[in-house]
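A structural walkthrough
This is what each chain is made of:
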2 protein chains.
Amino acid sequence: MEFSIRAAVLEDCKDIARMTKELSEYEKVTDQVTITQKDLEQDGFSKNPFFHGIIAEVPEQHRTKEGHVKIGYALYFYSYSSWKGRAIYMEDLYVMPEFRGKGIGKALMSKVAQLGMAAGCTQLNFTVLDWNKSSMDFYLSQGCFDVTGDMGYHCMRCDGEALERLAQP
Amino acid sequence: MEFSIRAAVLEDCKDIARMTKELSEYEKVTDQVTITQKDLEQDGFSKNPFFHGIIAEVPEQHRTKEGHVKIGYALYFYSYSSWKGRAIYMEDLYVMPEFRGKGIGKALMSKVAQLGMAAGCTQLNFTVLDWNKSSMDFYLSQGCFDVTGDMGYHCMRCDGEALERLAQP
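Values in this document were obtained by computation on a predicted structure and should not be read as measured data.

What follows covers the overall build of chain A. The secondary structure content of chain A amounts to six helices and seven strands. Start at the N end of chain A and walk to the C end: the helices and strands fall as β-α-α-β-β-β-α-β-α-β-α-β-α. For 169 residues, the compact-globule formula gives about 15 Å, and the C-alpha radius of gyration of chain A, at 17 Å, lands near that figure. Along the three orthogonal principal directions, the C-alpha set of chain A runs to about 55 × 35 × 30 Å. Out of the 169 residues belonging to chain A, those deemed buried represent 53%. Of the accessible surface of chain A, which amounts to about 7800 Å², a share of 50% is contributed by carbon and sulfur atoms. The averaged location of the 24 negative side-chain charges in chain A is 4 Å from the averaged location of its 19 positive side-chain charges.

Below, the structure written as structure tokens:
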């Protein structure tokens, strides 16, 4: 199927918000999503953006029955490894279910890799849920490795009241 | 013990590189460190830096026998959660062994939390090695939680030849 990948613009935030919600349903964490279209607009498309995005789009004749032509996206930002240097982090990679198996996810991820290499990054990092076997298999087939499984790194987080307490001098 | 926390400047890169190497020895991955002082200078202190840093410093009278007064650091950058929004990522937190147990690591981490909250972040994220029980216990005591253990997220990476292959259109 024909599709194109392009940089996300402000006007894509409505569709990104829609697909982010779909992804959270797939990952069974809908109750944790607090982000809105307006947040995405402010955080990704003002000066010093917190993230960048790319969009996968299909021609009008392949639009979904709801009328969507923006059918996949990836968000990314630049990060850093104090051992290896410049890195790019892929925060989300999503393709709507009816458009899977057509190489669109691979093309989105490939674009993130290209953008990272162009910026001098030597690593592409991301996370995957351990029960999401099809995603894990896809990533492993692309030559990615499981840093948690192989080296023992655990993702840690501080938020809510704990973060407020921690921030108290 | 008296100490101060301040933003890192270009001239700190020599000491950051030294401590990054010490940290990698502690984490038993010295062979994986390719970063140099010059990389840190370029990547952290030019336009659009890939990371920011803070330094813990002690007065001259407490300098180490090698003459160091910069005895701890944290690196951080801003990141994004497509569900929760703005986040701050702490890439490294290190205090030289002879200065541990004095609240310096806590003060560095607290500063990163403050900087994150001031920028509108609702999460502080980082990783820890699963065998590093003293660090894990410290983070849990601060109200952090283990996203990998509790929710099943694995850190994934693509680098080297796999990254080059992936980036091919």
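Still more ground to cover, so stick around.
What follows covers the sheet that holds strand β1 (residues 4–7) of chain A. Taking strand neighbours across the sheet as the criterion, the seven strands line up as β1(A)-β2(A)-β3(A)-β4(A)-β5(A)-β7(B)-β6(A) in an open arrangement whose pairing is mixed. Either end of the sheet is taken by a strand with one partner, and the two such strands are β1 and β6 (145–146) of chain A. As defined by bridge partners, strand β2 (residues 52–57) of chain A adjoins strand β3 (residues 70–81) of chain A across six bridges and the pair is classed as antiparallel. By the bridge assignment for β3 of chain A, Gly-53 of chain A is matched with Leu-75 of chain A. Contacts from helix α1 (residues 13–26) of chain A reach β2, β3 and β4 (85–95) of chain A within the one sheet, and its direction differs from that of β3 of chain A by about 85°.

Our next topic: the nonpolar core. By size, the foremost hydrophobic cluster in this structure holds 108 residues, and its most contacted members are Met-109, Leu-124 and Tyr-139 of chain A together with Met-109, Leu-124 and Tyr-139 of chain B. Those residues in contact with Met-109 of chain B that sit more than four places away from it in its chain are Leu-166 of chain A together with Met-90, Leu-93, Leu-124, Phe-126, Phe-138, Tyr-139 and Cys-144 of chain B.

At the interface, 72 residues of chain A touch 72 residues of chain B. Taken over both partners, the interface formed by chain A and chain B buries close to 6900 Å², and the fraction arising from carbon and sulfur atoms is 60%. When residues of chain A are sorted by the area they lose upon contact with chain B, Tyr-80, Trp-83 and Met-156 of chain A head the list and together hold 15% of the total. If you look at where chain A meets chain B, you find two salt bridges. Asp-43 of chain A is paired through a salt bridge with Arg-86 of chain B; the nearest N and O atoms lie 2.7 Å apart. Taken together, the links from chain A to chain B amount to 36 residue pairs in polar contact (both at pLDDT 80 or more). Residues that form the side of chain A that touches chain B fall into these classes: 37 nonpolar, 22 polar and 13 charged. Pairing of strand β7 (residues 153–159) of chain A with strand β5 (residues 123–129) of chain B involves seven bridges; the strand directions are antiparallel. Within β5 of chain B, the residue paired with Cys-155 of chain A across the bridge is Thr-127 of chain B.

Here the structure, examined in full by the defined rule, presents 18 aromatic pairs over all chains. Consider the rings of Tyr-26 of chain A and Trp-131 of chain A, whose centres lie 6.4 Å apart with planes at 55°: the pair is tilted. Residue Tyr-26 of chain A is found in helix α1, and its partner Trp-131 of chain A is found in the loop between β5 (123–129) and α4 (133–141); the two are separated by 105 residues along the sequence. Judged by its relative accessible area of 33%, Tyr-26 of chain A falls in the partly exposed class. For the ring pair Phe-138 of chain B and Tyr-139 of chain B, a centre distance of 5.5 Å and an interplane angle of 55° mean the geometry is tilted. Judged by its relative accessible area of 25%, Phe-138 of chain B falls in the partly exposed class. Taken together, the ring pairs in this structure connect Phe-45 and Phe-51 of chain A together with Tyr-80 of chain B into an aromatic cluster.

Each value, and the rule that gives it
Residues numbered from 1 in each chain as written. Chains lettered and ligands numbered in written order. Predicted model: local features only at pLDDT ≥ 70, side-chain atom pairs only at ≥ 80, totals over all residues. Heavy atoms only, no water. Helix = DSSP H or I, 4+ residues; strand = E, 2+ residues; numbered from the N terminus. Rg over C-alpha atoms; globule rule 2.2 N^0.38 Å. Buried < 20%, exposed > 50% of the residue type's maximum accessible area, 1.4 Å probe, protein only. Areas by Shrake-Rupley, 256 points an atom, 1.4 Å probe, with all protein chains shown as cover. Lys, Arg positive; Asp, Glu negative; His and termini not counted. Charge placed at Lys NZ, Arg CZ, Asp CG, Glu CD. Pairing = 2+ DSSP bridges. Contact = heavy atoms within 4.5 Å. Axes fitted to C-alpha atoms, helices over the stretch in contact; angles between N-to-C directions. Core = buried A, V, L, I, M, F, W, Y, C linked by side-chain atoms within 4.5 Å. Buried area = accessible area lost by both parts, 1.4 Å probe. Salt bridge = Lys/Arg side-chain N within 4 Å of Asp/Glu carboxyl O. Polar contact = N/O pair within 3.5 Å; in protein donor to acceptor, adjacent residues only side chain to side chain. Nonpolar A, V, L, I, M, F, W, Y, C, P; charged D, E, K, R; others polar. Phe/Tyr/Trp six-rings, centres within 6.5 Å; stacked < 30°, edge-to-face > 60°.

That's the geometry; what it means functionally is another story.
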